[in-house]
Amino acid sequence: MATVRLWSDAEVEGDPAVKAVFDDIRRTRKSDFVNNFWRGLANDPAQLKRTWESLKAIMVEPGAIDPLTCELIYMAVSATNNCSYCIHSHTAAARQKGMTEAQYGHFLQIVGMAAQTNALVTTMQIPVDEAFQVNG
């Protein structure tokens, strides 16, 4: 259960600042659906706007990394942070961006392998090889 009120569409219509962000979300995503994350953030219109603008700049606007890879990175970080909501949300977004079942399977293998080797190297306290150090 949410710890904040999730705004209904009727409530959104009554707040011009929240409505402007929701309208932009719908326009940008070409969908009438606004998910619960944004509905919870609507309780703080300034944070809602700031978060949407940041997310849009990083995840929607063209960048050096293709959109599907961005979603895969988001999924991996969400798994690391144990954020079930974000795992589900960004897995759905990755599928919308063309992720195949084979790609998802390979992604899961990579995440599992990274988790295993990260735990091993951390437990063994292996020093970083000089060849891997960034030279300023």
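The preceding data block contains the structure.
From a predicted model like this one, the values you see are computed outputs, not experimental measurements.

Thresholds, definitions, all that
- Residues numbered from 1 in each chain as written.
- Predicted model: local features only at pLDDT ≥ 70, side-chain atom pairs only at ≥ 80, totals over all residues.
- Heavy atoms only, no water.
- Core = buried A, V, L, I, M, F, W, Y, C linked by side-chain atoms within 4.5 Å.
- Buried < 20%, exposed > 50% of the residue type's maximum accessible area, 1.4 Å probe, protein only.
- Helix = DSSP H or I, 4+ residues; strand = E, 2+ residues; numbered from the N terminus.
- Contact = heavy atoms within 4.5 Å.
- Phe/Tyr/Trp six-rings, centres within 6.5 Å; stacked < 30°, edge-to-face > 60°.
- Expected span 1.5 Å × (residues − 1).
- Arc of directions from axis to C-beta.
- Polar contact = N/O pair within 3.5 Å; in protein donor to acceptor, adjacent residues only side chain to side chain.

## Regarding the nonpolar core
Reasoning step 1: One finds Val18, Phe22, Ile25, Trp38, Ala42, Leu48 and Trp52 to be the most contacted residues of the largest nonpolar core, which totals 15 residues.
Reasoning step 2: Of all the elements in the fold, those that place two or more residues in this core are α2 (16-29), α3 (36-41) and α4 (45-60).
Reasoning step 3: Excluding residues that lie within four positions of it along the chain, Phe22 makes contacts with Val12, Val34, Trp38, Arg39, Ala42 and Leu48.
Reasoning step 4: The next biggest cluster of nonpolar side chains, apart from the first, holds 6 residues, and it includes Met75, Ala94, Tyr104 and Phe107.

## With respect to the packing of aromatic side chains
Reasoning step 1: Counted according to the given criterion, the structure contains 3 aromatic pairs.
Reasoning step 2: A ring pair is formed by Trp38 and Trp52, whose centres lie 5.4 Å apart and whose planes are at 90 degrees; its orientation type is edge-to-face. Placement of Trp38 in helix α3 and of Trp52 in helix α4 is noted, with a sequence separation of 14 residues between them.
Reasoning step 3: On the basis of relative accessible area, Trp52 is assigned to the buried category, the value being 2%.
Reasoning step 4: Summarising the aromatic geometry, the rings of Tyr104 and Phe107 are spaced 6.2 Å apart at their centres and angled 15 degrees between planes, so their arrangement reads as stacked. Within this pair, Tyr104 and its partner Phe107 are both found in helix α7 (residues 101-124), separated by 3 residues, close to a single helical turn.
Reasoning step 5: Aromatic ring contacts, followed pair by pair, group Phe37, Trp38 and Trp52 into a single cluster.

## A few points about helix α5 (residues 67-80)
Reasoning step 1: Helix length check: α5 (14 residues) gives 20 Å between terminal C-alpha atoms against 20 Å at 1.5 Å per residue, within 8%.
Reasoning step 2: Regarding α5, the residues found buried are Leu68, Cys70, Glu71, Met75 and Ser78. For α5, the arc enclosing every buried residue in end-on projection is 155 degrees, short of the 170-degree limit, so these residues lie on one face.
Reasoning step 3: Looking at the buried side of α5, the elements it contacts are α4, α6 (84-96) and α7.
Reasoning step 4: The distance from a side-chain oxygen at the start of α5 to the backbone nitrogen of Leu68 is 3.2 Å, and the residue carrying that oxygen is Asp66.
Reasoning step 5: Immediately beyond the C-terminal end of α5, within one or two residues, lies Asn82, with a positive phi of roughly 55 degrees.

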